[in-house]
Amino acid sequence: MSDCLFCKIIAGEVPADKVYEDERVVVFKDINPKARVHLLVIPRIHLASLEDLEPEHDELVGHMIRLLPKLAREQGLEQGFRTIINTGKGGGQIIFHLHIHLLGGPDLRGF
Ligand code: AMP
Ligand code: ZN
């Protein structure tokens, strides 16, 4: 998707504060953090949202989920963390490239 901001971050065309990457995912700091730690975990392939997921993506999704506690520990979140996936306009999704928000820290507010 040539007009997708997160695809441009993956391609290195738009800068981002990356903290982790491998052959399937890229992880970077949210530009407008809602807590001391606020990361976005995105797949390298363009999937607009959870609505795009097919059985062939199960391994990718599992990889993204299993990565979360490792990333949280690396960020010093020993007490736990929050994950959010906004889906569609009704779910508050603004960027239509699938991403998992990983949030944590002493300033994390409850719902
Ligand atoms: P969502 O509402 O789930 O689509 O969240 C999109 C998130 O992307 C928001 O938390 C934004 O602050 C974040 N964001 C937007 N542009 C950038 C960018 N260039 N680099 C990092 N994060 C971004
Ligand atoms: Zn994209």
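As shown above, the structure is provided for reference.
The numbering scheme is per chain: residues are counted from 1 as the chain's sequence reads. Starting at A for chains and at 1 for ligands, labels are handed out in the order in which the entities are written. pLDDT decides what is reported in this predicted model: residues at 70 or higher carry local features, side-chain atom pairs at 80 or more are listed and counted, and totals for whole chains, interfaces and linings draw on all residues regardless. The basis for the side-chain values is all heavy atoms of the structure; hydrogens and waters are excluded.

**Considerations on the coordination of the zinc ion (ligand 2)**
So, step 1. Protein coordination at the zinc ion (ligand 2) comes from Cys-4 (SG), Cys-7 (SG), His-46 (ND1) and His-97 (ND1), with a distance range of 2.1 to 2.3 Å.
So, step 2. Given four donor atoms and angles of 106 to 116 degrees at the metal, the environment of the zinc ion (ligand 2) is assigned as tetrahedral.
So, step 3. Water is not part of the atom set, so a site may look incomplete; the donors themselves are N, O and S atoms within 2.8 Å of the metal, or 3.2 Å for Na, K and Ca. Mapping the donors of the zinc ion (ligand 2) onto the primary sequence gives the spacing C-x2-C-x38-H-x50-H. Of the two residues, His-46 sits in the loop between β3 (37-43) and α2 (58-74) while His-97 sits in the loop between β4 (82-84) and β5 (100-104), which places them 51 residues apart along the sequence. Any coordination sphere not matching a tetrahedral pattern (four donors, all angles between 85 and 135 degrees) or a square planar or octahedral pattern (four or six donors, opposite donors over 155 degrees apart, other angles between 65 and 115) is reported as irregular. Helix numbering and strand numbering both begin at the N terminus, where a helix is a DSSP run of H or I of at least 4 residues and a strand a DSSP run of E of at least 2.

**Looking at the site of ligand 1**
So, step 1. Note on terminology: near, applied to a residue and a molecule or strand, indicates that one of the residue's heavy atoms is within 4 Å of it. Neighbouring ligand 1 are 15 residues; Asp-30, Gly-92, Ile-94, His-99 and His-101 lie closest to it.
So, step 2. Under this definition, polar contacts are N or O atom pairs within 3.5 Å; protein pairs additionally need one hydrogen-donor-capable and one acceptor-capable atom, and for neighbouring residues in sequence, both atoms have to be side-chain atoms. With respect to ligand 1, the backbone of Gly-92 contributes an N or O atom lying 2.8 Å from an oxygen atom.
So, step 3. Contacts to ligand 1 include Ile-94, whose backbone N or O atom sits 2.7 Å from an oxygen atom.
So, step 4. All accessible-area figures derive from a Shrake-Rupley calculation using a 1.4 Å probe, and residue coverage is judged against the displayed protein chains alone. Protein contact buries 87% of the 500 Å² of open area that ligand 1 shows by itself.
So, step 5. By residue class, the composition of the shell around ligand 1 is seven nonpolar, six polar and two charged. Gly falls in the polar group here, along with every residue not listed as nonpolar (Ala, Val, Leu, Ile, Met, Phe, Trp, Tyr, Cys, Pro) or charged (Asp, Glu, Lys, Arg).

**As for the packing of aromatic side chains**
So, step 1. In summary, the pairing rule links any two rings of Phe, Tyr or Trp, Trp by its six-membered ring, whose centres are within 6.5 Å, and it sorts them by plane angle into stacked for under 30 degrees, edge-to-face for over 60 and tilted for everything else. All told, the structure shown has one aromatic pair when counted by the stated rule.
So, step 2. Between Phe-6 and Phe-28, the ring centres sit 5.3 Å apart and the planes meet at 80 degrees, which makes this aromatic pair edge-to-face. Residue Phe-6 is found in helix α1 (residues 5-11), and its partner Phe-28 is found in strand β2 (residues 25-29); the two are separated by 22 residues along the sequence. Residues Phe-6 and Phe-28 agree in their burial class; the two are buried. The rule is simple: take the accessible area with a 1.4 Å probe, protein chains only, and divide by the maximum for that residue type; under 20% is buried, over 50% is exposed, in between is partly exposed.

**What about the nonpolar core?**
So, step 1. Note on terminology: a nonpolar core comprises buried Ala, Val, Leu, Ile, Met, Phe, Trp, Tyr and Cys residues joined through side-chain atoms within 4.5 Å. Core analysis: the largest hydrophobic core is formed by 16 residues, its most contacted members being Val-27, Leu-39, Val-41, Met-64, Leu-71 and Leu-102.
So, step 2. Among the elements that take part in this core, α2 stands out by supplying six residues, more than any other.
So, step 3. Ignoring any residue separated from it by four or fewer positions in sequence, one finds Val-27 in contact with Asp-17, Lys-18, Val-19, Tyr-20, Leu-39, Leu-40, Val-41, Leu-67 and Leu-71.
So, step 4. Among the nonpolar cores identified, the runner-up in size contains nine residues, and Cys-7, Ile-9, Phe-28 and Ile-42 belong to it. Two residues qualify as a contact provided that any one of their heavy atoms is within 4.5 Å of a heavy atom in the partner residue.

**Side note on the sheet that holds β2**
So, step 1. One bridge is not enough; two strands pair if DSSP finds at least two bridges between them. Taken together, five strands build an open sheet; the order of strands is β1-β2-β3-β5-β4 and the sheet is antiparallel. Both outer strands of the open sheet, β1 (18-21) and β4, are each paired with one neighbouring strand and no more. Sheet twist, expressed as the average angle between the axes of neighbouring strands with direction ignored, equals 20 degrees.
So, step 2. Strand direction decides the pairing type here: β3 and β5, joined by five bridges, are antiparallel. Note on geometry: axes are C-alpha line fits, over the in-contact stretch for helices, and angles between N-to-C directions span 0 to 180 degrees.

**Some remarks on the pairing of β5**
So, step 1. The element β5 is extensively covered by neighbouring structure, given that five of its five residues are classed as buried.
So, step 2. Going residue by residue along β5, you find Ile-100, Leu-102 and Gly-104 tucked away on one face and His-101 and Leu-103 tucked away on the opposite face as well.

**Section: the pairing of β3**
Put simply, side chains in a regular strand alternate between the two faces of the sheet.
So, step 1. Most of β3 sits out of view: seven of its seven residues are buried.
So, step 2. Residue alternation in β3 divides its side chains into two sets, Val-37, Leu-39, Val-41 and Pro-43 and His-38, Leu-40 and Ile-42, and both sets are buried.

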